[in-house]
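What the coordinates show
Take a look at the letters that make up each chain.
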Amino acid sequence: MEQNASPDAFEFASLWERLAAHLIDGVIMIAIFLALMFMFTQLGSYSPLPENAALVGTMVLVVGYRLFGDAAMGGRAIGKRRMGIKVVDATTRKACTFWQGALRNVLFFIPLLNVLDLLFLLLGRQERLGDRLARTYVIRNELLGPRPQKSLY
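Only a predicted model underlies this, so the values are computations on that prediction, with no experimental measurement involved.

**A word on the pairing of strand S1 (residues 85-89)**
Among the 5 residues in S1, 5 count as buried, and that is most of the element. The alternating pattern of S1 places Ile85, Val87 and Asp89 and Lys86 and Val88 on opposite faces, both of which are buried. Two strands pair when backbone bridges link them, and S1 and strand S2 (residues 136-140) are joined in this way by 5 bridges, in the antiparallel orientation. The partner of Ile85 across the bridge, within S2, is Arg140.

**A word on the nonpolar core**
Ala13, Ala21, Ala71, Ile85, Val87, Cys96 and Val138 together form the largest nonpolar core, which totals 7 residues. The contacts of Ala13, once residues within four sequence positions are left out, are Arg18, Ile85, Gln126, Val138, Ile139 and Arg140.

**Focus: the side chain of Asn105**
As for its position among the elements, Asn105 is in helix H4 (residues 98-105). In this view, Asn105 contacts Arg66, Leu67, Asp70 and Arg128; residues no more than four positions away in its chain are not counted.

**Looking at the side chain of Asp131**
You can see Asp131 is positioned in helix H6 (residues 129-134). Residue Asp131 is classed as buried on the basis of its relative accessible area, which comes to 1%. One polar contact links Asp131 to Arg18, side chain to side chain, over a distance of 2.6 Å. Those residues in contact with Asp131, other than ones at most four positions away along the chain, are Arg18, Arg104, Thr136 and Val138.

**Describing the packing of aromatic side chains**
Summed over all chains, the structure comprises 2 aromatic pairs. Taken together, a centroid distance of 5.0 Å and an interplanar angle of 80° make the contact between Phe12 and Tyr137 edge-to-face. With a gap of 125 residues between them, Phe12 in the segment before helix H1 (15-43) and Tyr137 in strand S2 connect regions that are remote in the sequence. Of the residues examined, Phe12 reaches a relative accessible area of 33% and is grouped as partly exposed. Ring geometry for Phe68 and Phe98: centres 6.1 Å apart, planes at 45°, overall tilted.

**Focus on helix H5 (residues 113-122)**
Residues lying three or four places apart along an α-helix face the same way, a consequence of the helix completing one turn every 3.6 residues. What H5 keeps buried is the set Asp117, Phe120 and Leu121. All buried residues of H5 fall inside an arc of 95° around its axis, so they share one side.

**Considerations on the pattern of salt bridges**
Tallied over the entire structure, the rule returns 6 salt bridges. In this structure, Asp131 engages Arg18 in a salt bridge whose closest nitrogen and oxygen atoms are separated by 2.6 Å. Here the residue Asp131 occupies a position in helix H6, and Arg18 occupies one in helix H1, the gap between them amounting to 113 residues. The two residues Asp131 and Arg18 agree in class, both being buried. Across the pair Asp70 and Arg104 runs a salt bridge whose closest N-O atoms are separated by 3.2 Å. With a gap of 34 residues between them, Asp70 in helix H2 (residues 51-72) and Arg104 in helix H4 connect regions that are remote in the sequence.

**Comments concerning the layout of surface pockets**
There is about 220 Å³ of room inside the largest pocket. Along the wall of the largest pocket there are 14 residues; nearest its centre are Leu19, His22, Phe108, Leu121 and Arg128. Those elements that place two or more of their residues in the lining of the largest pocket are H1, H4 and H5. Broken down by element, the lining of the largest pocket gets its largest block of residues, 4 residues, from H5. Along the lines of polarity and charge, the residues of the lining of the largest pocket split into 5 nonpolar, 3 polar and 6 charged.

The rules behind the values
Residues numbered from 1 in each chain as written. Predicted model: local features only at pLDDT ≥ 70, side-chain atom pairs only at ≥ 80, totals over all residues. Heavy atoms only, no water. Buried < 20%, exposed > 50% of the residue type's maximum accessible area, 1.4 Å probe, protein only. Helix = DSSP H or I, 4+ residues; strand = E, 2+ residues; numbered from the N terminus. Pairing = 2+ DSSP bridges. Core = buried A, V, L, I, M, F, W, Y, C linked by side-chain atoms within 4.5 Å. Contact = heavy atoms within 4.5 Å. Polar contact = N/O pair within 3.5 Å; in protein donor to acceptor, adjacent residues only side chain to side chain. Phe/Tyr/Trp six-rings, centres within 6.5 Å; stacked < 30°, edge-to-face > 60°. Arc of directions from axis to C-beta. Salt bridge = Lys/Arg side-chain N within 4 Å of Asp/Glu carboxyl O. 1 Å grid on protein atoms, 1.4 Å probe; cavity = no way out; pocket = protein on both sides within 12 Å on 5 of 7 lines; lining within 4 Å. Points joined across faces, edges and corners; volume = space filled by probe spheres on them. Nonpolar A, V, L, I, M, F, W, Y, C, P; charged D, E, K, R; others polar.

The structure is reproduced here in structure tokens:
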């Protein structure tokens, strides 16, 4: 991606692309949780970890994926990568930082704020409340080409 590309050269991700990416990441988080918990229960008394430590460790991995997944993977956690979208800094258009990733996603864990966050998207805005707080956009990966000229005929 060009470093100094104009803002007009990017296209915001659609609501459906964002929701699909969120759904994919949600399924991944559930799969990680279930797989690790199954593994720890199968180890039973052979596990060097107490049961609570295994649960806490699993939750840290799952919550960590939600908070830092976008930043750790260049603005594209697995769901966004699959949908061809990414999270970028609103000013520089570079991939979001770890701080921005955490700030924009922490609202998922705060009751009522996560509903308000969804309302921002449903009301036709191109950003969630978390995006506004973190000063990020979710855009399509590729630069837009020149707009086709309409023919008079």
